[in-house]
Every structure is written in structure tokens, then in C-alpha cells.
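Examining the three-dimensional arrangement
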Amino acid sequence: MPARGPRLLALAALLSSGLALAQSAEPRSPDGKRYLAQPLVKDLYFADPSAHVFNGRLYVYPSHDVDAGIADDDLGNQYAMHDYRVLGMDRIGGPVTVHPVALDVKQIPWASKQTWAPDAAYKNGTYFLYFPARDKAGVFRIGVATSKSPTGPFKADPQPIRGSFSIDPAVFTDSDGASYMYFGGIWGGQLQRWQGNRYEAKAGDTDLHRDDQPAIAPRVARMRADMKQVAESPRPIVILDERGKPVLGGDHERRFFEAAWMFKRGGTYYFTYSTGDTHYLNYATGTSPYGPFRYAGHILKPVQGWTTHHSIVEFQGKWWLFYHDTQASGKNHLRSAKVTQLHFTPDGSIQTIDPFKD
């Protein structure tokens, strides 16, 4: 028996050194942190991943980042995406299929450039792709394209959705079959120019600089049965603080910036979004798809890179957070989609995720 002691110690030391070696070989951020997840795709850049389950398979509808040689600025001109490709997988952690181009900006009659973060929906045998792009005058609108396949190709309608504006459409279908579009983004997304649902070019390039007033609100509108138009004028979404008062414009860790996403769990509606310049993904909860929503906390701490954008979906009995970062490129405009499991506490709260292991 005594002779086994040194052997066990030697084996333990060997295992420990092997673990240390494996950890040291893991990809690390510029400040030495290990990433929680790895990119879904290695050789192309995909951001803003909108995930959906269609016919038991998981499909991700991301924006497709490209390098156009444009320097970073606050209006997002460096994000020069011009087409969409759909990602597909049978299980999380399994092979990811990158499907052919589903839609190119050249195939959108009304658009000029910058096909930013999209979303998708399905109804009555038709798949719908919703996307923002600049029109010929440089104003962001939201368009729709259709296909009989979840991976496309999609055919764009000749005009944007009537009354649409800004960016980041996300379409949520409730348990009663009604669908709603959530959208908006300040700064380069131009939402600050649409107060009152009318375009005011002089409203500025960032926000309204009213830190002591309620923050600029994202929008929601119920969709028509055809899923191609909205059935009502867009309504503002109110996000309330712990006192039941609207979150203020100066509260940059809680106010809405972009990347709206809605999901429902049990009887609770979760409105989720990005804070932009403070780089959090947040959530707020309510009892109606229109809100109001009470701020509840952070979903994801800041990732590597300036932007943070996401989706949340239930798949094969678990909940998943899809997000992006700049691990593969180190550049803000070349991002990689990732996924990690999302966990809830018994009271329905979302456990905050750190995108780094250490």
C-alpha cells in the first residue's frame, strides 16, 4: 500500500499538468481571458444571430459581416453587410451548415445598402425574412421577403413595410397566434429621429440628450394576418425601473439602445435588448406583449467588441442564448455568432452569463 502513494501523487501531478496545458492552449482574449463559447462558424463572420426552430431543426438568421475598409464610427458605417445566409443545425454542438446566399441587397428593389440584423417567422407554409436596410435616401426601413424554404432563397417585396422605420426587427408569435414586430435602435439606427413616428432629420445622430427624461422607447406593432404589413401604428414600449417609473435616458446601463427580442416562458413575456454603449444584454418582464415591462437585470455581461446582439430560443428541452463577439477577428465590424445555455431561477429570473470563463 505505501508504494502506491507516490504513484498516485505522480498521476495526479500528470493530470494537473495536462489540465493546465489544455487550459493554456484555449483561445484567449487580448487581456488573457478564456472564452465561454467558440464561434459557430470559423471561416465567415456572422453577427446578430436570430434563432428559430422550424420542423425540429434549429435555424439561425444572422447578419453577414464583411470588411469594406471603413473606419469605425458612432453611426455604424463600418457595418457594410450586403447579404444574408442562413445557418442550420440538428443539435447544439453539432455540425453547422452554412446555406447559400438567401437574399442580397441587389435583390431588394427599394434598398441601397446596409442589410443589418434580420429575423424570421413562419406561417401557413411560408417563411418570412424581415430585415432593415437603408432606402435610396439613406433612411433605414424594414423590409420583408418570402420563401417556401427556411433557408431561402427569399424574394423581397418591392417596397418596405408601410410605416416601418429604424432597425433590428424581431417578430414574436404569441400562443394565441397573434404576431408582433419589435424594432428600433438609436444612434446609427436612427430611432431618435422618429419620435411621434415621423422622421426628423435634425433630431441628431445619437440620442435626444435628455438624460432626466424617459429614455427613447423601442417600438412594437401587431402584424396583419399576411405577416407582410403591420396592422396598427407602432407603439412605444415602456421599460420601468424598480419604482415603476420609466427608465431615464441617462441610465445607460438599463435604457434601450437596440437589439429587441421577445420570448414567452409560462405566462411571462420577456422583452430583451442591448444597452449599446455600456455593452450589456438586459431583460424586462411583463404580462402583455405590449408591455409595460419592468427591468429585471442583465442577461449577458459585456463581450469582446463594441456591439452585443442576441436571440433566445427553447430547443430540445433547454433554453439557449445566441450572441456574438469579435474573438476571431479582433475587429468591431467582423463578428462571430456563438451560443451558450441560458438558465432560469425558480422565480423565473435569468441567471446572468459571463462570456468569459475567467
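Structure first, text after, so check above.
Summary of the structure given here. Quick caveat: nothing in here was measured; it's all calculated off a predicted structure.

Thresholds applied
Residues numbered from 1 in each chain as written. Predicted model: local features only at pLDDT ≥ 70, side-chain atom pairs only at ≥ 80, totals over all residues. Heavy atoms only, no water. Helix = DSSP H or I, 4+ residues; strand = E, 2+ residues; numbered from the N terminus. Buried < 20%, exposed > 50% of the residue type's maximum accessible area, 1.4 Å probe, protein only. Contact = heavy atoms within 4.5 Å. Areas by Shrake-Rupley, 256 points an atom, 1.4 Å probe, with all protein chains shown as cover. Lys, Arg positive; Asp, Glu negative; His and termini not counted. Charge placed at Lys NZ, Arg CZ, Asp CG, Glu CD. Phe/Tyr/Trp six-rings, centres within 6.5 Å; stacked < 30°, edge-to-face > 60°. Lys NZ or Arg CZ within 6 Å of the ring centre and 35° of its normal. Pairing = 2+ DSSP bridges. 1 Å grid on protein atoms, 1.4 Å probe; cavity = no way out; pocket = protein on both sides within 12 Å on 5 of 7 lines; lining within 4 Å. Points joined across faces, edges and corners; volume = space filled by probe spheres on them. Nonpolar A, V, L, I, M, F, W, Y, C, P; charged D, E, K, R; others polar. Core = buried A, V, L, I, M, F, W, Y, C linked by side-chain atoms within 4.5 Å. Salt bridge = Lys/Arg side-chain N within 4 Å of Asp/Glu carboxyl O.

**A look at the overall build of the protein**
- The helix and strand inventory of the protein stands at one helix and 21 strands.
- Overall, the protein is about 85 × 50 × 45 Å in size when its C-alpha atoms are taken along their principal axes.
- Scored against the burial criterion, the 358 residues of the protein give a buried share of 54%.
- Within the protein, contacts between residues separated by at least 24 positions form 53% of all contacts whose residues are at least 6 apart in sequence.
- Counting only carbon and sulfur atoms, one obtains 53% of the accessible surface of the protein, whose full area is about 15700 Å².
- Measuring between centres, the 40 positive side-chain charges of the protein sit 5 Å from its 36 negative side-chain charges.

**Things to note about unusual backbone geometry**
- For the bond from Gly-152 to Pro-153, the omega torsion is 5 degrees, close enough to zero to count as cis.
- With respect to the secondary-structure elements, Pro-153 resides in the loop between strand S8 (140–147) and strand S9 (155–156).
- Here the residue pair Gly-291 and Pro-292 is connected by a cis peptide bond, since its omega of 5 degrees sits within 30 degrees of zero.
- Located in the positive-phi region is Gln-114, a residue other than glycine, with phi close to 60 degrees.
- Relative to the elements of secondary structure, Gln-114 occurs in the loop between strand S5 (111–113) and strand S6 (119–123).

**Brief notes about the packing of aromatic side chains**
- In this structure the tally under the stated criterion is 30 aromatic pairs.
- For the ring pair Phe-54 and Tyr-127, a centre distance of 5.2 Å and an interplane angle of 70 degrees mean the geometry is edge-to-face. Pair noted here: Phe-54 is in strand S1 (residues 45–54) and Tyr-127 is in strand S7 (residues 126–135), with a separation of 73 residues, a long-range link. Accessibility assignment for this pair places Phe-54 and Tyr-127 in one class, buried.
- Here a set of aromatic residues connected by ring pairs shows up, and it is made of Phe-54, Tyr-59, Tyr-61, Tyr-122 and Tyr-127.
- Across from the ring centre of Tyr-295, 5.4 Å away, lies the NZ or CZ of Arg-254, which sits over that ring.

**Brief notes about the sheet that holds strand S13 (residues 235–236)**
- Pairing within the open sheet is antiparallel, and its four strands lie in the order S10-S11-S12-S13. At either end of the open sheet lies a strand with only one pairing partner, and these are strand S10 (170–173) and S13.
- Bridge count between S10 and strand S11 (residues 179–183): four bridges; the pairing is antiparallel. From the neighbouring strand, Phe-172 faces S11, where its bridge partner is Tyr-180.

**Some thoughts on the pairing of S6**
- When S6 meets S7, the two strands line up antiparallel, connected through five bridges. Across the sheet, Ala-121 pairs through a bridge with Phe-128, a residue of S7.
- In this structure, the hairpin formed by S6 and S7 is closed by a connection of two residues, where Asn-124 is found at a positive phi of approximately 50 degrees.

**Overview of empty space enclosed by the protein**
- Under the criterion given, the structure shown has one cavity of 30 Å³ or more.
- Size it by volume and the largest cavity reaches roughly 40 Å³.
- Taken together, Ser-50, Ala-117, Pro-118, Asp-119, Asp-168, Pro-169, Ala-170, Ala-260, Trp-261, His-309 and His-310 make up the lining of the largest cavity.
- Looking at the lining of the largest cavity residue by residue, the class counts come to six nonpolar, three polar and two charged.

**Here's the deal with the nonpolar core**
- Counting residues in hydrophobic clusters, the biggest one holds 38 residues, and the most contacted among them are Tyr-130, Met-181, Tyr-182, Ile-239 and Phe-271.
- Elements represented by at least two residues in this core include exactly S7, S8, S10, S11, strand S12 (219–222), strand S15 (258–265), strand S16 (268–274) and strand S18 (293–300).
- Sort the elements by how many residues they give to this core and S11 lands first, with four residues.
- When neighbours within four sequence positions are excluded, Phe-271 is seen to be in contact with Tyr-182, Pro-218, Ile-237, Ile-239, Phe-256, Ala-260, Trp-261, Met-262, Asn-282, Tyr-283, Ala-284 and Phe-293.
- Formed by 19 residues, the second largest nonpolar core is a distinct cluster that contains Tyr-84, Trp-110, Ala-133 and Ala-156.

**Things to note about the pattern of salt bridges**
- Applying the stated rule across the entire model yields 18 salt bridges.
- Close ionic contact of Arg-34 with Asp-358 constitutes a salt bridge, the shortest N to O distance being 2.9 Å. Here Asp-358 lies in the segment after strand S21 (336–342) and Arg-34 lies in the loop between helix H1 (4–25) and S1, a separation of 324 residues in the sequence.
- Arg-34 sits in the buried class, given a relative accessible area of 12%.
- For Asp-358, a relative accessible area of 43% puts it in the partly exposed group.
- The shortest N-O distance in the salt bridge between Lys-228 and Asp-157 comes to 3.2 Å. Of the two residues, Lys-228 is situated in the loop between S12 and S13 and Asp-157 in the loop between S9 and S10; the sequence distance between them amounts to 71 residues.
- Residue classification places Lys-228 among the partly exposed positions, given a relative accessible area of 26%.
- What you see here is one network of salt bridges that share partners, running through Glu-26, Arg-34, Lys-357 and Asp-358.

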